[in-house]
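Spelled out from the first residue to the last, the chains are:
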Amino acid sequence: MRIKRLGKDTDSVKVMQKLGVDKLGIKIMAKKAEILLFYIADMHVGAANILKQDALSVGADLAIPNGTITCAFKRVDALLIGTKKHIEILAKKELAQPYGLRELARELRKYLGPKEYEPKIMGIINATNDSFYPGSRFSPEEAVAAVERMIKQGADIIDIGGMSTRPGSEEIGEEEELERVRPIIDTLAPLQLGVKLSIDTYRPKVARYALERGFCILNDITGLENDEMAKIAAQFGASVVIMHKKGDPKTMQQNPFYEDVVAEVSQFFKERIEKAKSFGIEDIILDPGIGFGKRLEDNLQLLKDLVEFRKFGYEILVGASRKSMIDKIIPTPVEERLPGTLALHQLALENGASILRCHDVAAHRQMIEVYKAYKRI
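Just so we're clear, the structure is a prediction, and the values are computed from it rather than from any experiment.

**Things to note about the pairing of strand β10 (residues 315-318)**
Moving on, step 1. Taking every second residue as pointing to the same face, both faces of β10 are buried, with E315 and L317 on one and I316 and V318 on the other.
Moving on, step 2. Pairing analysis gives 2 bridges linking strand β9 (residues 284-287) to β10, with the strands arranged parallel. Within the sheet, the bridge partner assigned to L286 lies in β10 and is I316.
Moving on, step 3. In this fold, β9 hands off to helix α11 (residues 296-304), which returns the chain to β10; that crossover is right-handed.
Moving on, step 4. Bridge analysis of β10 against strand β11 (residues 355-358) gives 2 bridges, and the strand direction is parallel. Bridge pairing in β11 links L317 to I355.

Below you can see the structure in the form of structure tokens.
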């Protein structure tokens, strides 16, 4: 008899299939193979004591502060630990409990069955002369050739923007932005490219012009702040990228601060999803806005906890390509930040992202194919 420990990323379903376990058995046991952690903040102490006992009764556990059992505090934070099966049973059990546990149960259920998405690459085309990475700046003539090159390299989406929103950038007029992207849009519109086209703008006139000519994704860094953008997206049945940012591009990196960046971004998504739906928008993509009004630690925390946003049921987009967070970790000029970009984007895939917005399509296609091969084992 021999024994070996399997890696933490081992797919238990594939192992059981290889063993010849019957399908029902696999379905039952797979839920017991994955440990889930939930940080629960500001919980009524009565709820914490009930949840602790109920968790233990189903084989899970709840880590709580000293003094909780004697009700030394009115409200506490806690860490819920259990397998997917434990959480399923516990969520059902808490539906009959007081002190807000019914609402907690409903929230827990949102995390149990998120849809899986195939990884996709969104290639960046900037019709600007001041984007932070010179390699992404294209004239109208160069842009079309760059789009064709990215498609050959494996891009699934092409994102075209006419105004830089890098930290410290100056806002330009709506007409100037439109004039920058108009020739690219006009050239691409009649072509059968085989990929989705995205317009990176928060200006109604620019959005309408692109969507009228076959673009199908509206990438709005303000997260539909402008009602007119929501109306236009709904009118054309466009997918909408709802991105979180704090402040405006010119000042957003001047001492941003969060008590809990993941909680704040999650609440923002909740509110903007509700707004999008109120206008009739159903096809939504969520972008936590890496580098948009965030410190290094905020960006890293968002990447680590991306799975939190899967509860909404939508694809998650991450764009850390060549951004200054890499330079803050290890001083590196923007031209040499591809290795750091690939590391961050692989972590994003592992933690729940499915769309990577990047400058270097070929390198990302290679990384994704290697990643997928690893996950198939």
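**Here's the deal with helix α5 (residues 101-110)**
Moving on, step 1. Regarding α5, the residues found buried are L101, L104, A105 and L108. Axial view of α5: buried residues confined to an arc of 105°, hence all on one face.

**Considerations on the pairing of β11**
Moving on, step 1. Of the two faces of β11, the one lined by I355 and R357 and the one lined by L356 and C358 are each fully buried.
Moving on, step 2. Where strand β4 (residues 120-126) and β11 come together, 4 bridges link them in parallel fashion. Within the sheet, the bridge partner assigned to K120 lies in β11 and is I355.

**Quick word on the sheet that holds β4**
Moving on, step 1. One closed barrel holds the 8 strands; their spatial order is β4-β5-β6-β7-β8-β9-β10-β11, and the pairing between them is parallel. Each neighbouring strand pair of the sheet contributes to a mean axis angle of 25°, computed without reference to strand direction.
Moving on, step 2. Here 4 bridges tie strand β8 (residues 239-243) to β9, and the two strands are oriented parallel to one another. Pairing of V240 across the sheet is with I284, part of β9.

**Re the nonpolar core**
Buried together is how nonpolar side chains tend to be arranged in soluble globular proteins.
Moving on, step 1. I125, I158, I242, F269 and F309 are the most contacted members of the largest nonpolar core, which totals 69 residues.
Moving on, step 2. Ranked by residues supplied to this core, first place goes to helix α10 (residues 261-278) with 7 residues.
Moving on, step 3. In contact with I242, not counting residues within four places along its chain, are D220, G223, L224, F268, F269, R272, I273, A276, I284, I285, L286 and D287.
Moving on, step 4. L51, L62, L90 and L112 belong to the second largest nonpolar core, which has 22 residues in total.

**Notes on unusual backbone geometry**
Moving on, step 1. Even without a glycine there, the phi angle at L224 is positive, about 65°.
Moving on, step 2. Tracing the sequence through the fold places L224 in the loop between β7 (217-220) and α9 (227-236).
Moving on, step 3. Its identity is not glycine, yet N255 carries a phi of approximately 60°, on the positive side.
Moving on, step 4. By secondary structure assignment, the location of N255 is in the loop between β8 and α10.
Moving on, step 5. Look at N255 and you get exposed, because its relative accessible area is 73%.

**Topic: the packing of helix α1 (residues 12-19) against helix α2 (residues 23-30)**
Moving on, step 1. Two elements in contact, α1 and α2, have axes whose closest approach is 10 Å; the angle formed by their N-to-C orientations is 150°. It follows from the interaxial angle that α1 and α2 lie roughly antiparallel. The hand of the α1/α2 crossing is right-handed. Within the contact between the two elements, α1 uses S12, V13, M16 and Q17 and α2 uses I26, M29 and A30.
Moving on, step 2. Tallied by class, residues from the contact of α1 with α2 come to 5 nonpolar, 2 polar and no charged.

Rules of the game
Residues numbered from 1 in each chain as written. Predicted model: local features only at pLDDT ≥ 70, side-chain atom pairs only at ≥ 80, totals over all residues. Heavy atoms only, no water. Buried < 20%, exposed > 50% of the residue type's maximum accessible area, 1.4 Å probe, protein only. Helix = DSSP H or I, 4+ residues; strand = E, 2+ residues; numbered from the N terminus. Pairing = 2+ DSSP bridges. Right-handed = clockwise from strand over helix to strand, strands pointing away. Arc of directions from axis to C-beta. Axes fitted to C-alpha atoms, helices over the stretch in contact; angles between N-to-C directions. Core = buried A, V, L, I, M, F, W, Y, C linked by side-chain atoms within 4.5 Å. Contact = heavy atoms within 4.5 Å. Parallel < 35°, antiparallel > 145°, perpendicular 65-115°, else oblique. Left-handed = near helix turned anticlockwise from the far one by under 90°. Nonpolar A, V, L, I, M, F, W, Y, C, P; charged D, E, K, R; others polar.

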